Structure formats: structure tokens, C-alpha cells
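Chain and residue survey
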Amino acid sequence: MIRRKQKFLGSFLIVSLLAFTQPQALDSANLTSVADTLSTSRLSYYGSLNGAHTVGATLLTVNTSGSPSTSTANLFSGDSVWVGDAGTGSTYTVDDILDTDEFQITAGLGSGDVEDDDVIIASRSATHTVTFTTATAIPNGAIRILIPSGANANNDGIPNHDGFDYGVDTPSLTAPTGGGVTSWETATATASAGTGCTAGNHCFEARYNGTNTATTALTFTIGGANKLINPAPGASHTAGTADTYTVTVQHLKDRLQDYAVVDSTTIKIAVIESVRVTATVDPSLTFTVAGAASGATRCGTTTDVTTTATAVPFGSVSLAAYNDASQTLSAVTNAAGGYAVTMISDDQLSVGGDHSTEIVNTDCDSENCTDTTSGEWSTENDVSGFGFSIQNVDASTVPFEYSTATGNCTGTYCARMIPSTATASETPDDTDTALSIMSKTTIPTTTEDMYVCYRLTVATTQTAGDYENNITYVATATF
Amino acid sequence: MKTRLLLSLLLLTSLIGLITPSAVEGQTTSLSIWPPILEVMVRPGKSVTQVYRLKNEADDTRITVRMVPFSAADEFGHINLQFGGRLPDYFSLLNADLPSLPVTLNLKAGQSQELVLKIAIPAAAEDADYPAALVIESKTTGLIGGSGTVTQATIASPILLTVSKSGTPNRLAKIEEFGMTRSHLVSDSFDPIEFILRIKNQSFTRLQPVGQIKISNTFGRPVATLPLQGDHILAGTIRQAKLEGSDPSNLAWNPVFPLGRYTAEAEITPQDTTNTVSENIVFWVLPYKALLVLSLLFFGYRGLTKLSRQQKLKQ
């Protein structure tokens, strides 16, 4: 009796041990290395107008509560935004973000898009690149990706606050390739609650023929020409904190087994506002007038006089000869419209600045230059006259240059009168406006420079005295 | 005794040297201003404050700060300061340590000065533009003997001030001129096609036009859109439009070998309005210079061939 009992227990022990050492194969496992990489993880924008706006308004104020987006966070210059309601709506371009609840658009609001609480939508669509490694060899199976959808209206092309919108057009799909199977069939997409796709997720499926290699790395791309639309901020969203959604990757059995799930893995994906990086560069305008030592080569001549920033002291001049001097003008700005520097004098040179006994402004060699017309002035030095020329260093626009042979100039020393505010003192033109002597209509890349060359000739018959006048240079930004 | 005399002379010379230093004149005047331009729209009865910063980037100087009205100097956004012109009493300085405008102050080399400008509009002010500039004039010194010129460096920051009761004044633009820069309407296929577009502001306040020139080919298909820069146009003035970012100002289309009949439509909408205006022109583009050269070559060749034949016949 005892022997029989011992035999039975021994047999039981052996069977148990065998069962432990040779377990049955399991039917399911986890896919590994699963990832869903979004081409952009930026949240969509879904806000609304705060109060009625006027037609043509470009400054929009958004509601700070009652919509998924409650500020201008996640809006950026250049974004396309749709503004309107169920009846009408138009697309506008964001010009600038002014503060947390105001932004500007480039064109005025249309007549149907100005009501209180009209929605403001900026959709952000993303391609989902889902990568994973299978765990099981399954004949004639399929891969299925489940991406969370919103509960309502999740395929109308408008962002949802609780999931990805399917879009109006079916998302473009690229089925996996390789993996040891005979062939992959065209991947299919089904919106949430569509045939074979339970509500709560959009379904994307790629079936294959043959048997896959048990552990093979695959990539399933959802998106391309048509993409899923990223969610708007969730109900309890905090700016700067990501909203997370669960994506499921499944490896299914074949059709005869109703595509039953064999392996399944879930992962989390996150969507968040983009960070608006701002830095303010103060706009400025800088203007410099600098003197020059005598002996410098300017406008093709050697200067005779040392000048300062505030004076061109010819001193005791040489009669019947050219007396040359120069100053350097420099300007730079980062104002969008660029800058302009103008020149104007109070009068011709006169004794003690009395505006009476004068050295007239030059009319050049052939009596053909004014303050607006250049003329050659390189031979006649025995007639009293005062004028100027320009040697451009790197200014974008100057009215003329000493060396340019055009019109009345041969290019040796092309000169002009200095425009003057005085009236009836300067033949032939005595009602001058300030002359723009250097300018640029966009932001210069560097400080722009030019030399102003002054030339004075005094006839031997000129009344003795100290002659002077005032020249004002004005630098302004262009509007 | 001799030593004492020598020391006394040395002391006297040193003292004279100290109390009569030689005049030193600034070699450079360099002024900077922030911001270089200011756009403001204010409702009557309201005021705004803007902080300006001046910096003397060169030698010690003395400056005078004043407000001066300006007008448009041309059709390209340059200003014409009207020294001596009158401005309404809307502008004042809030700096506690400075008197009212105009104000004169010293700026040492490298020194900065903040100016707090208040623009206060009376409740009864009418909707209008008040273009004015904050002007900084450097001090000049008169010449000491001899002939010469005194030069003054001035820097001005334009203020485009608009007073509007509604905040959205009705802005109307008119296309004053739209055409080709060359008088004829046939362009050469190898030349850039240059337009001229002059826009007039017909409203009481400045505006910024938003728009473009759309070009369609013979078949009515759009072939190019030239976006226009939204430059300010003062009330009642004209401004020549230019392409976004172009310098110097131009409005040129540079297609690759255009051919045939084209239509260009200039469409302008003052910003913050829906008052769109447009105008069309039709122009032709032909490679007429190349055709002319080819014709000359052809007829020249025929002439030479004919001449050659005649000479052979004579022989």
C-alpha cells in the first residue's frame, strides 16, 4: 500500500516538474521599441473673439476663458488663422502678437467675421511616423495603429480639444515595408466610429501576406499630403505643460481569426505650445560729422584746410586759386524705412555772416551748375565762388559724384551750389529746398560714409573781409 | 639770487600756461537717437508718453532739443523740416530736471540722456495728422578769424501723430498713376519690366497701403504677384509704391523671356479698411531689339549677296 502511494507521488512529482520545464507558448506579447514621432508637436489654436470687432479691424482681442485657447500663446507671426462662425469665415495672416490677449492681422476683418465669440482657428497638422519592433511571427496578419480622436466632430477639419481630428480628407498613409512578409496591402484609414473602428480612436491598418519575421523593425507613416490635425489645448491645459495622448500599436491575426489582437503596446505622445522667443533690438539712428586734416586726398584733390566737425575754416584764402576742404558724413539706422541726410545753408558766404557783402555760390566753369544741377568746376578759379562736391565711400544713394561724367560734368571735379534757405540772393535759384545728399530706403547693412568736399575761389577784386555762412546737415529716418 | 629769479619765472610761465589753455575743438560730432521714428494714434482727450534716448558718441557737445513740424519732401518718405513752422501745443517734456521745450543741455562724450516726451491731445482736437519731429541740434562755434563755413549736425526723429476720435479713421486711397516707367506700352523681352505706381492719400489721416500688382498673361492666367511695401502716406500726399524690401525704390518685374500681351492689375487697400481700389493696364512684351538686330543682319547679308552677284556678273 505504502509502495503504491510512493509510486503515485513520485509520478505526480515528475509530471509537475515536466510541466514546469516545458511550458506552453504564450499567445501575446509586447511590441518593442515603439515610438510615434510627430512632425510637429505644436498644439492647434482654437480661440474666440472677445467682443464685437469692427469691419476692417486688424487688431484682434481674444477671450481669456470659454475656449480651448485662452490667450495668444501658440500664435505666431505668419500663422494663418481662420476667423468666423458657422455661417461665414475667412482666413487671415497673423502680423504680430501684441500681448497675451491681442494680436494683429495683415488685412482687415471681413464683414461676417467680426461678431463676439466668433472662433479663431489655426490648425497644426502633423505626420505621425510610428516605428516599432514586432514580437511574434503571425501569418497573413495586420498592423493597426489607434490614435485618440475627439469625442465629437472629430473628422470635420477643425481642431478638437480632446484628441486628433481626422481632417476633411482621409490622411495619407504609407504602409510598412519588408519585415519578411510576401507583400503589404494598401494601408487603410478609418475615422473614429467608422466601420470596424470603435469610437474614441482613429484606426489605421496595414495588412500583409505571408508570415512576418518574429522580431522585425517596421515603420508605419500616417500623414503626407493629408494629415491628422493636432488637438487644441485640453480642458485643464496649463500653458507650457504638454497634453498627453495614448497611441496603441497592435499586431493582429489573420482574417479567418477576425484580426484578433495578438500583441499590443501603448505609448504616450505629447503636444504642447511652441515657445515664442522674443528679443527687442532698439531701433536707432546715428549720424556723425567728422573733420579732416589738411593734405587729405578728397574728390580728386588735396585739401588745403584742416576741418573740425563744426567748422570749415578756410582762414586767409589764396586768391585766384582753389581752396579745398572736406568733412566726412556717416549715418546708420535699423529703422525699416532707412535714412536720409539733407544739406542746407543759411545763405551764401558773406562778411561776418551779414548776408550783404557776399561771395556768391559757384555756377561752375560754364555757368551751368545750380544746387540741383551739377557742372564741371575744374578750370575757372579766378572768379569768386563757393560750392561743393561729393566723394562717395559706401553710401547707397548720393545725388552726384565729383568723378561722374554726365550732363555738364567731364568727371574731373563735378560740383554744385550749396542749397540755401535765403531768398533772392542766389541766381538763378533762390528758393531752395534741402538737398538729400545720402540716403537708403531700407536698413543699411553697415554704417554708410561719404566725403563732402568744399571748394572756394576768391577773385583778386573781391572785397576784403572774413566771409562765413552756416550749413546744416539733418539726418532723419525715412517714414 | 639767480636761482630764485629762475624759479619765479618758471612759476609765472606755468601759471600763465594753466589759466590760458589753447582752444580745443571737437573733431567729431556723433549723435544717436532711439527711437528713430514713432507712429502714434491718439484719441482726443488722451495722452501718450514716449521715452527717447540720446547718446553722444563722440566729443563733448552741447545740444538743443526742439519740436519742429515737417511735411513730405518728396514721394519717397523723406521729410522736409519746417524750422520756424508752428505746431499745436501738444508736446512737452516730463523730465523733472529739464525746462520746457526747446531745451539746451550739455552731453559729454559717451553720455546718454533720456527725454520723456508727452503728447497730450485736447478733447476738442479734430481728426487729423500732426507730423512733427523731435530735433536735436548740435551746438556750433563761430569762426575765429578768416573765412569759412560753420557746420551743424542735426538729427531728427519723425513722429507720425494721428488724432482720431474713433481709433479707426476712414482711410481712402486713390491710384494717382499706374503705368510703365517707359512711355510706350511695348517692352523688350530682355529688359526688366518697370512699373510706376503713385498712390494718393485722400483722407485726413495717414495710411499704409496693403496691396500688390498681379500680372496675367495672354490667356488670363496669373503669372506673377508683386507685393507692395506698406509705406506710410501722409494725409493729402502722394507716395510712389515700391516692392517689399527693394532699395533703391523700384517696382520691376524680371520674368524669364516674357512674350505677348500682359495685363497688370494694381490693387490697394488702406490698412484697417476694406476700401480697395484697383487699376489695370495692358502691355506687350516682344524681343524687338533682338528682332531688329536679326533683321539688320538678314538684310545686310542679302545686300552683300546681291552686291557680290552683281560684281560677278560685271566680271
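Numbering of residues starts from 1 in every chain and runs along the sequence as written. A letter from A marks each chain and a number from 1 marks each ligand, given out in the order of writing. Local features in a predicted model are, by the rule used here, given only for residues with pLDDT of at least 70; side-chain atom pairs are given and counted only at 80 or more, and totals for whole chains, interfaces and linings are based on all residues. Side-chain numbers here rest on the full set of heavy atoms in the structure, without hydrogens or water.

Looking at the overall build of chain B
As a reminder of what qualifies: Think of it this way: any DSSP run of H or I at least four residues long counts as a helix, any run of E at least two long counts as a strand, and we number them from the N terminus. Whether two residues are in contact is decided by their heavy atoms: any pair within 4.5 Å suffices. Note on areas: these come from Shrake-Rupley sampling with a 1.4 Å probe, and a residue is covered only by the protein chains present in the view.
Of regular secondary structure, chain B possesses two helices and 19 strands. Taking as baseline every contact in chain B between residues at least 6 positions apart, the subset at least 24 positions apart corresponds to 69%. Accessible area of chain B: about 17,100 Å², with a carbon and sulfur share of 57%.

What to know about the state of the cysteines
Residue and element names in this part refer to chain A. Which entries qualify depends on this criterion: Throughout, a disulfide means two cysteine sulfur atoms within 2.5 Å of one another. Working definition: with a 1.4 Å probe on protein chains only, accessible area under 20% of the residue-type maximum means buried, over 50% means exposed, and in between means partly exposed.
All chains considered together, the criterion is met by four disulfides over all chains. The side chain of Cys197 participates in a disulfide bridge whose partner is Cys203; the two sulfur atoms lie 2.0 Å from each other. Disulfide Cys197-Cys203: the torsion about the S-S bond is 85°, which places it as right-handed. Assigned by exposure class, Cys197 and Cys203 land together as buried. Here Cys299 is linked by a disulfide to Cys453, with a sulfur-sulfur distance of 1.9 Å. Judged by the sign of its S-S torsion, about 80°, the cystine formed by Cys299 and Cys453 is right-handed.

As for the interface of chain A and chain B
Quick note on the threshold: Values labelled buried area give the accessible surface lost by two parts on being combined, using a 1.4 Å probe and summing over both. A carboxyl oxygen of Asp or Glu within 4 Å of a side-chain nitrogen of Lys or Arg is what we treat as a salt bridge. Polar contact is defined as a pair of N or O atoms within 3.5 Å, subject to the rule that within protein one atom must be able to donate a hydrogen and the other to accept it, and that residues adjacent in sequence are counted only when both atoms are side-chain atoms.
In this assembly, 52 residues from chain A lie in contact with 53 residues from chain B. When chain A packs against chain B, close to 4,300 Å² is buried across both sides, 51% of that on carbon and sulfur atoms. Considering only the surface of chain A that becomes buried against chain B, Thr310, Thr441 and Phe479 of chain A emerge as the three largest contributors, covering 20% of it. Linking chain A to chain B there are zero salt bridges. Put simply, chain A and chain B have 27 residue pairs in polar contact (both at pLDDT 80 or more) between them. Here the element with the most residues in the side of chain A that touches chain B is strand β32 (residues 467-477) of chain A; it accounts for 11 residues.

Observations regarding the confidence of the model for chain B
Close inspection of predicted coordinates is inappropriate for parts of the model with low pLDDT. All names here are of chain B. As a reminder of what qualifies: Every residue is assigned a pLDDT by the predictor, reflecting its confidence on a scale from 0 to 100.
Residues of chain B with pLDDT of at least 70 account for 89%, and the chain-wide mean is 87. Ranking the helices and strands of chain B by mean pLDDT puts strand β16 (residues 238-240) first, with 96, and helix α1 (residues 2-19) last, with 53. Here residues 15-25 scores under 50 on pLDDT; set against residues more than four positions off or in separate chains, the count is four contacts. Across the whole predicted complex the pTM is 0.63, and at the interface the ipTM reaches 0.80.

Some points on a positive patch on the surface
Residues and elements named next belong to chain B. Going by this rule: Patches here are clusters of residues that have more than 30% relative accessible area and form no salt bridge, with a 9 Å joining cutoff for like charges and a 5 Å cutoff for nonpolar side chains (Val, Leu, Ile, Met, Phe, Trp, Tyr). Charge assignment: positive for Lys and Arg, negative for Asp and Glu; neither His nor the chain ends contribute. The location of each charge is read from NZ of Lys, CZ of Arg, CG of Asp or CD of Glu.
A cluster of basic side chains, namely Arg302, Lys306, Arg309 and Lys312, defines a positive patch on the protein surface. Among the secondary structure elements, Arg302 is positioned in helix α2 (residues 288-314). Exposure remark for Arg302: the relative accessible area of 51% places this residue in the exposed category.

Remarks on a nonpolar patch on the surface
Residues and elements named next belong to chain B. On the surface, Val186, Phe190, Val256, Phe257, Leu259, Val282, Trp284, Leu286 and Tyr288 cluster together into a nonpolar patch covering about 840 Å² of accessible area. A per-element tally of the nonpolar patch places strand β19 (residues 277-286) first, with three residues. Tracing the backbone shows Tyr288 in helix α2.

What to know about the sheet that holds strand β19 (residues 285-290) of chain A
So the rule is basically this: At least two DSSP bridges between two strands are needed for those strands to be called paired. Between N-to-C directions, angles cover 0 to 180 degrees, with each direction set by a line fitted to C-alpha atoms, over the stretch in contact for helices.
Spatially, β28(A)-β31(A)-β23(A)-β19(A)-β1(B)-β3(B)-β8(B)-β6(B) is the arrangement adopted by the eight strands of the open sheet, whose pairing is antiparallel. Edge strands, defined here as strands with exactly one partner in the open sheet, are β28 (385-392) of chain A together with β6 (91-93) of chain B. The average angle at which neighbouring strand axes cross in this sheet is 20°, direction not considered. Note: strand β1 (residues 28-34) of chain B against strand β3 (residues 47-56) of chain B, four bridges, orientation antiparallel. If you follow Ile33 of chain B over to β3 of chain B, its bridge partner there is Leu54 of chain B.

Quick look at the sheet that holds strand β15 (residues 222-227) of chain B
Residue and element names in this part refer to chain B. Strand order in this open sheet of five strands is β12-β19-β18-β14-β15, and the pairing throughout is mixed. The open sheet has two edge strands, β12 (186-188) and β15, and neither has a second partner. With direction set aside, neighbouring strand axes in the sheet form an average angle of 30°. Pairing of strand β18 (residues 260-270) with β19, which is carried by nine bridges, proceeds in the antiparallel orientation. Bridge pairing in β19 links Tyr262 to Phe283.

Overview of the pattern of salt bridges
Residue and element names in this part refer to chain A. Tallied over the full model, the rule gives 15 salt bridges over all chains. The salt bridge partner of Asp79 is Arg124, with a shortest N-O separation of 2.5 Å. Taken together, the positions of Asp79 in the loop between β3 (59-61) and β4 (80-84) and Arg124 in the loop between β7 (119-122) and β8 (125-126) put the pair 45 residues apart, joining distant regions of the chain. Its relative accessible area of 12% is what places Asp79 among the buried residues. Linking Arg455 and Asp324 is a salt bridge whose minimum nitrogen-to-oxygen distance equals 2.9 Å. Note that Arg455 is positioned in strand β31 (residues 448-457) and Asp324 in strand β23 (residues 323-333), a separation of 131 residues in sequence. Asp324 gets classed as buried once you look at its relative accessible area, which sits at 5%. Through salt bridges with shared partners, a single ionic network connects Arg42, Asp79 and Arg124.

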